[in-house]
Each structure stands twice: as C-alpha cells, then as structure tokens.
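The chain contents come next:
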Amino acid sequence: MTPHEPSASPSDEETPDPVSTAVCLGERPYNPDSTPYAGKGPHPMTIIHHDHGPATLELQYVTLPDGWNPEIDFDWTDEEEDHNKVQLVVCDDAVATGGVMGTCTFDYPGMSGTMDVVQADHTFVVREARTGREVAEFSMQGTAGAEESCPSSAMDSGNTQIAQAVNDDAVAAKLRSLYEGPARTT
C-alpha cells in the first residue's frame, strides 16, 4: 500500500468566483450551453451589475427593453428561467468620478439608514454568453438624479456608496445594434 497524500481541506482551496464575476472578467463563459451568438438578430441578452474592485459601489439595475432579456418572466408562470437563450451578457461596472450628489434612504428588515449617491461613470463590456468572448465595450456617464439612482436594496459594508445611475433608454440605444443586427465576428 502506498501512503496517501494529505488532501486539501476546503479551507485550503480557493473558492471560485461567482459566474457573474468570472464572465465579466473574461475568465469563463456565462453558460456554455447558451444559443450561439451568430447570424442575424435578435440576440437575447442579460445585464450583470459587476463591481471589479472592492464592494464599495452599489448600482441601480439597468432595465432592458421588453423581450430583450429571456431570463425575466414577467407573468411568473415558469419557475425556471431559461439561461440557454441568452446569447450576450452585458457587464455593467461603475467607478466614482465625483462627489456626493445626494442620499438614498433605506428602511426595510435588515437595513435602515442612508447611503450617499456619488457621481459615476459606467463601463459596459458585452460578452458572448457561450464563450465569454468580448464583443463590444462602451462607457457612459451617470445622468440620473440621486433619487432615481437609489436601488431597491443595497449591501452596506460600512463605506458603501451608490453610483449615479445611467438612463435605461440611452443604454438600450447603445445595445440596439448588438441585439437587432448581425452577430459581430471580431
């Protein structure tokens, strides 16, 4: 018999990044079983709000136009969402670029209080869901007021701030050619 090598305990192993973080960093695909991003549109997409740095900025969720995101079931009849239909993943990351422009007040179980809203720029990286390949990238300045930038919930780590939100229609205008047009091959 050969002696067994000591096995790594779970505390010795690295915990893999969540899929949203990994796909946004280009480390792995969102879903290898997704429909390929190929041919003419439409190309269904989903948005992931990703923070590449320390969790100090919370984001208001960007809402895509009706029908663009196959993962949202507004009639609640399906208990499982079909991640296989997503062809493109839009990663939204924001960085503070200015001072405090207002506050958000939260009052719900587990959290109550206020958090500052700061001027912010957003970078959107669009990746193919099946492969993780970068398809496009663009940046936008936050344009919403402090109240419109307040998310429905936020995790406060003690120094968390809220990023000034972007306009949903302006984001959709930037994404429209990717959704409706032919797939980009480079």
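Structure's up top.
Summarised in this report is the structure supplied together with it. (Residues numbered from 1 in each chain as written. Predicted model: local features only at pLDDT ≥ 70, side-chain atom pairs only at ≥ 80, totals over all residues. Heavy atoms only, no water.)

### Section: the environment of Val 23
Right, on to step 1. In this structure, Val 23 sits in helix α1 (residues 19-24).
Right, on to step 2. Sequence-wise, Val 23 and Ala 129 are 106 residues apart; in three dimensions their C-alpha atoms are separated by 8.1 Å.
Right, on to step 3. In this structure Val 23 touches Arg 28, Pro 29, Tyr 30, Ile 48, Val 89 and Arg 127, once residues within four positions along its chain are discounted. (Helix = DSSP H or I, 4+ residues; strand = E, 2+ residues; numbered from the N terminus. Contact = heavy atoms within 4.5 Å.)

### Considering the state of the cysteines
What is meant by a disulfide is a covalent connection between two cysteines, made through their sulfur atoms.
Right, on to step 1. Tallying each qualifying case throughout the model produces 2 disulfides.
Right, on to step 2. Here Cys 24 connects covalently by a disulfide to Cys 91, the sulfurs 2.1 Å from one another. Every disulfide takes its handedness from the sign of the S-S torsion; for Cys 24 and Cys 91 that torsion is -90 degrees, giving left-handed. One end of the pair, Cys 24, is in helix α1; the other, Cys 91, is in strand β3 (residues 88-108), and 67 residues separate them in sequence.
Right, on to step 3. Here Cys 24 falls in the buried class, since its relative accessible area comes to 9%.
Right, on to step 4. Overall, the relative accessible area of 3% leaves Cys 91 in the buried class.
Right, on to step 5. Across the disulfide from Cys 104 sits Cys 150; the S-S distance is 2.0 Å. Linking Cys 104 and Cys 150, the disulfide has an S-S dihedral of approximately -100 degrees and is accordingly described as left-handed. Of this pair, Cys 104 sits in strand β3 while Cys 150 sits in the loop between α2 (146-149) and β6 (161-163); the two residues are 46 residues apart in sequence, bridging distant segments of the chain.
Right, on to step 6. Shown here for the protein is a disulfide pattern of 1-2, 3-4, where each number marks a bonded cysteine counted in sequence order. (Disulfide = S-S within 2.5 Å. Buried < 20%, exposed > 50% of the residue type's maximum accessible area, 1.4 Å probe, protein only.)

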